[in-house]
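Here's the letter readout for the chains.
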Amino acid sequence: MKIFELNESSVRSYCRSFPVVFKQARGAELISRDGRHYIDFLAGAGTLNYGHNHPVLKQALLDYIEQDGLTHGLDMYSEAKEAFLETFNRLILEPRGMGEYLMQFTGPTGANAVEAALKLARKVTGRQSILSFTNGFHGCTLGALAATGNQHHRGGAGVPLGEVARMPYANYFGDKVNTIAMIDKLLDDPSSGIDKPAAVIVEVVQGEGGLNVASAEWMRKLDKLCRKHEMLLIVDDIQAGCGRTGSFFSFEEMGIRPDMITLSKSLSGYGLPFAMVLLRKELDQWKPGEHNGTFRGNNHAFVTATAAIEHFWRDDSFAQSVRTKGKRIAERMQKIVRRHGPDSLFVKGRGMMIGISCPDGELATSICRKAFEQGLVIETSGAHGEVVKCLCPLTIEDAQIEKALDILDHAFAAALSEHQANQAS
Ligand SMILES: *Cc1c(COP(=O)(O)O)cnc(C)c1O
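Described below are features of the structure shown in this document. Keep in mind that what you see is a predicted model, and the values were worked out from it rather than measured. (Residues numbered from 1 in each chain as written. Predicted model: local features only at pLDDT ≥ 70, side-chain atom pairs only at ≥ 80, totals over all residues. Heavy atoms only, no water.)

Brief notes about the site of the ligand
Note the cut-off: We call a residue near a molecule or strand when any one of its heavy atoms sits within 4 Å of it. Residues adjacent in sequence count toward polar contacts only when both atoms are side-chain atoms; beyond that, a polar contact is any pair of N or O atoms within 3.5 Å, and within protein one must be able to donate a hydrogen and the other to accept it.
Lining the immediate surroundings of the ligand are Thr109, Gly110, Ala111, Phe137, His138, Gly139, Glu203, Asp236, Ile238, Gln239 and Lys265. Gly110 has a polar backbone atom sitting 2.8 Å from an oxygen atom of the ligand. Between an oxygen atom of the ligand and a side-chain N or O atom of Lys265, the distance comes to 2.7 Å.

Notes on the pairing of strand 11 (residues 260-263)
Note the cut-off: Under the scheme applied here, a residue whose accessible area is under 20% of the maximum for its type counts as buried, over 50% as exposed, and between as partly exposed, the area being computed with a 1.4 Å probe on protein chains only. The helix and strand labels rest on DSSP assignments: H or I over at least four residues marks a helix, E over at least two residues marks a strand, and numbering proceeds from the N terminus. Only strands joined by at least two bridges in the DSSP assignment are considered to pair.
Of the two faces of strand 11, both are covered, the one formed by Met260 and Thr262 as well as the one formed by Ile261 and Leu263. Bridge count for strand 10 (residues 232-236) against strand 11 is 3 bridges, and the pairing is parallel. Bridge pairing links Ile234 to Met260 in strand 11. In the sheet, strand 11 pairs with strand 12 (residues 276-280) via 4 bridges, with the strands oriented antiparallel. Residue Met260 lies in a different strand from strand 12, and its bridge partner there is Leu279.

Remarks on the environment of Thr294
Condition: Residue contacts are counted whenever heavy atoms from the two residues lie within 4.5 Å of one another.
In this fold, Thr294 is placed in the loop between strand 12 and helix 11 (299-312). The partly exposed category is assigned to Thr294, whose relative accessible area is 45%. Sequence spacing of Thr294 and Asn150 is 144 residues, and the spatial spacing of their C-alpha atoms is 29 Å. Contacts of Thr294, omitting those with residues within four sequence positions, involve His72 and Leu74.

Quick notes on the state of the cysteines
Using the following cut-off: Only a pair of cysteine sulfur atoms within 2.5 Å qualifies as a disulfide here.
Summed over the entire model, instances satisfying the criterion amount to 0 disulfides. There is no disulfide at Cys15, and the cysteine sulfur nearest it, in Cys368, is 16 Å away. Unpaired in this structure, Cys368 has its nearest cysteine sulfur neighbour in Cys358, at a distance of 8.0 Å.

Overview of the packing of helix 4 (residues 55-66) against helix 11
Rules: Throughout, an axis means a line fitted to C-alpha atoms (over the contacting stretch in the case of helices), and angles, computed between N-to-C directions, take values from 0 to 180 degrees. In what follows, roughly perpendicular refers to angles from 65 to 115 degrees, roughly parallel to angles under 35, roughly antiparallel to angles over 145, and oblique to any angle outside these ranges. Note on convention: near helix rotated counterclockwise from far helix by under a right angle means a left-handed crossing. Clockwise means right-handed. Gly falls in the polar group here, along with every residue not listed as nonpolar (Ala, Val, Leu, Ile, Met, Phe, Trp, Tyr, Cys, Pro) or charged (Asp, Glu, Lys, Arg).
Running from N to C, helix 4 and helix 11 point in directions that differ by 140 degrees, and their axes come no closer than 9 Å. As far as their axial angle goes, helix 11 and helix 4 are oblique. In this structure, helix 4 meets helix 11 at a crossing whose hand is right-handed. Residues Val56, Leu57, Ala60, Leu61, Tyr64 and Ile65 of helix 4 pack against Asn299, His300, Val303, Thr304, Ala307, Ala308 and His311 of helix 11. Among the residues making up the contact of helix 4 with helix 11, the classes are represented as 9 nonpolar, 4 polar and no charged.

Written out as structure tokens, the structure reads:
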């Protein structure tokens, strides 16, 4: 472990929670150099929805490399890109009545896609300000960071983060306060001090922000609010998309029509860097190369993404299995809550993006540490790191779910008894 401490920047973070050297990974399992097997409930923070090294995706990539398919080609036309455009359109967009959206390939990270969406919204509307929400997370480059709530990340900016007005997310003040009515009033009032925004950027389930869930009703009201005040609606589906909530997009069947959608994390299906903005045709006011980047469209990622969509999204059976597994995980989590803290713990989230909220971050961290000792990789999220968050591959086997939840159950018991002993002494 010395080499990492000696030679790698102290900005490294996840490795501090899981201080072993990993060597292999398959499906929902990580294997360390010393041969220990871990169940992966972090899955690249939602990047590995189809698990590690899925054999179908791996074979597609190996075949492509074997034939000397393009690895890098700037944004030139390649067969790999052609196949992705055709497949994504046929199996994802068209069946959902979304054939009107164009695909913009940005630099390969989520933050790149968010930057492009914010830039385009400002360009198209001629307005500067963006509305974003409490506890929202959109990435760590300056534009995306300005829209992000988290103080720890914002503190790293070194310059003022501007042109964003922060609004309360759904249920931020509890379920009796209608935050959309609040925002509407602020936007209607010419003396509220809130400039008319270019766009609203929102997560339907806040991934890093602690698994806060927006209801279909709240999203519909937000959509309407955007039309009323002529703001564009950007859904950041980087973490909640690609099947995580039980449908390809997190907002399906909510009856909303976002102007732009950002996708990254699990889009390549294989953990390869890849990001895209979906935008309505009439918004496509970019001049050629106006928003640029050397790594726009990663050909290896086109190959694995195409294979993933062909393999998992031909019909509804995969989405159905996600909903079934999500229900099972939620049931097991409810049991943990009933057993260990019916008054202090509660289950949050949607689909396979769910977790248990604890009274404080210290307890949640201690639970995750104990789970890791027993072979479960799991992390916290939320404003205070208080939510123990399950983000396992959607392809995880039922037996692995049961085993992982057994470990989590024991971790809650051990951490809580330690916590109580500390408080008593
Ligand atoms: C992870 C994430 C991002 C940023 O993606 P990076 O690849 O880390 O830049 C943006 N939005 C959401 C919702 C995310 O979860």
